[in-house]
Amino acid sequence: MKVVFCHGLEGSPQGRKAQALRAAGLDLVAPDFTGMNLAARVAALMPELAAHDGCVLVGSSYGGITALCGAILHHRAGGRVRGLVLAAPALILSEPPADALELAPPCPTHVIHGRHDELIPVAAIEAWAAAHPAVRLEVVDDAHVLARSLDRIVAAAVEFARE
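What you see is a predicted model; the values in this text were computed from it and never measured.

> How should I be thinking about the sheet that holds strand β2 (residues 27-29) in this particular structure?
The pairing of strands in a sheet happens through backbone hydrogen bonds and is either parallel or antiparallel. Judged by pairing direction, the sheet is parallel, and its six strands sit side by side in the order β2-β1-β3-β4-β5-β6 without closing on themselves. Only two strands of the sheet have a single partner each, and these edge strands are β2 and β6 (135-140). The sheet shows a mean angle of 20 degrees between the axes of neighbouring strands, direction not considered. Bridge count between strand β5 (residues 109-114) and β6: six bridges; the pairing is parallel. For His110, the partnering residue across the bridge sits in β6 and is Arg136. Along the sheet, helix α4 (residues 122-131) contacts β4 (83-87), β5 and β6; its crossing angle with β6, the most-contacted strand, is approximately 160 degrees.

Written as structure tokens, this is what we have:
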């Protein structure tokens, strides 16, 4: 089961989250989105989703909104994402293509968000999750980078990969 990982603005395909997912034995594909805006990230993600239809998709921060937009567009094109793991997703941003989409996940979704997130207010994510009852929101005692919650991100990805 392929896992596609979308890193955040300050992350990378070789960052801590990607390393933790690989260390858990997951078959990880991690595109490099360095320097790209959201539209360019989503455009770069779409061929990966087509190549790995039925994958688990994991996104962190700016990569979280990238993953959500990609999952929605992939679903519209007839594709499937097995599960979506969003770590501190930057869902408060309003830029293309997110500004033109209803940000409703098209697949089972597990969100891990820090109670002490200094960039993305937990209240915004709680409101979004409440509007989408199929979303499982896990609020953890952590900040935006979720450094103390890597195990939760990995566990969520592993759970989807094994279903």
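Right, picking up where we left off after that structure.
> Explanation requested: the packing of helix α2 (residues 38-51) against helix α3 (residues 62-76) in the structure shown.
Any two packed helices are characterised by how steeply their axes cross, that is the angle between the axes, and by the distance between the axes. Two numbers describe how α2 lies on α3: the axes approach to 9 Å, and their chain directions differ by 55 degrees. Of the possible angle classes, the one that applies to α2 and α3 is oblique. Both α2 and α3 take part in a crossing whose hand is right-handed. Judged by residue contacts, Leu38, Arg41, Val42, Leu45, Met46, Leu49 and Ala50 of α2 engage Tyr62, Gly63, Ile65, Thr66, Ala67, Cys69, Gly70, Ala71, Leu73 and His74 from α3. Looking at the contact of α2 with α3 residue by residue, the classes come out as 12 nonpolar, four polar and one charged.

> What is the right way to read the environment of His52 from this model?
Here His52 lies in the loop between α2 and β3 (56-60). We classify His52 as buried; its relative accessible area is 18%. Along the primary structure His52 and Tyr62 are separated by 10 residues, whereas in three dimensions their C-alpha atoms are 21 Å apart. Once residues lying within four places of it in the same chain are set aside, the contact partners of His52 are Lys2, Val4 and Val29.

> What is the right way to read the side chain of His132 from this model?
Position of His132 relative to the elements: it lies in the loop between α4 and β6. What His132 contacts, discounting residues up to four positions off in sequence, is Glu102, Leu103, Ala104 and Pro105.

> Please clarify how the nonpolar core should be interpreted in this entry.
Among soluble globular proteins, nonpolar side chains are generally buried collectively. Formed by 32 residues in total, the largest nonpolar core has its most connected members in Leu57, Ile65, Leu84, Leu103 and Trp128. Only β1 (2-6), α2, α3, β4 and α4 provide two or more residues apiece to this core. For this core, the element with the highest residue contribution is α3, accounting for seven residues. Beyond its immediate sequence surroundings of up to four residues, Leu84 is in contact with Leu57, Ala67, Leu68, Ala71, Pro105, Cys107, Pro108, Thr109, His110 and Phe160. By size, the runner-up hydrophobic cluster in this structure holds 22 residues, among which are Ala18, Leu26, Val85 and Val140.

> Where do I start with the layout of surface pockets in this structure?
Computed from the structure, the largest pocket encloses a volume of approximately 510 Å³. Forming the boundary of the largest pocket are 20 residues, of which Gly8, Glu10, Gly11, Ser61 and His144 lie nearest the centre. It is helix α1 (residues 16-23) that contributes the most residues to the lining of the largest pocket, three residues altogether. Of the residues assigned to the lining of the largest pocket, the class counts are nine nonpolar, eight polar and three charged.

> Just checking my understanding: could you explain the packing of α1 against helix α5 (residues 150-162) for this structure?
Where α1 meets α5, the closest approach of the two axes is 10 Å, and the angle between their N-to-C directions is 50 degrees. By the angle between their axes, α1 is oblique relative to α5. Of the two possible hands of crossing, α1 and α5 adopt the one that is right-handed. Contacts between α1 and α5 involve Arg16, Lys17, Ala20 and Leu21 on the former and, on the latter, Leu150, Ile153, Val154 and Ala157. Its residues assigned to classes, the contact of α1 with α5 shows six nonpolar, no polar and two charged.

Thresholds, definitions, all that
- Residues numbered from 1 in each chain as written.
- Predicted model: local features only at pLDDT ≥ 70, side-chain atom pairs only at ≥ 80, totals over all residues.
- Heavy atoms only, no water.
- Pairing = 2+ DSSP bridges.
- Helix = DSSP H or I, 4+ residues; strand = E, 2+ residues; numbered from the N terminus.
- Axes fitted to C-alpha atoms, helices over the stretch in contact; angles between N-to-C directions.
- Contact = heavy atoms within 4.5 Å.
- Parallel < 35°, antiparallel > 145°, perpendicular 65-115°, else oblique.
- Left-handed = near helix turned anticlockwise from the far one by under 90°.
- Nonpolar A, V, L, I, M, F, W, Y, C, P; charged D, E, K, R; others polar.
- Buried < 20%, exposed > 50% of the residue type's maximum accessible area, 1.4 Å probe, protein only.
- Core = buried A, V, L, I, M, F, W, Y, C linked by side-chain atoms within 4.5 Å.
- 1 Å grid on protein atoms, 1.4 Å probe; cavity = no way out; pocket = protein on both sides within 12 Å on 5 of 7 lines; lining within 4 Å.
- Points joined across faces, edges and corners; volume = space filled by probe spheres on them.

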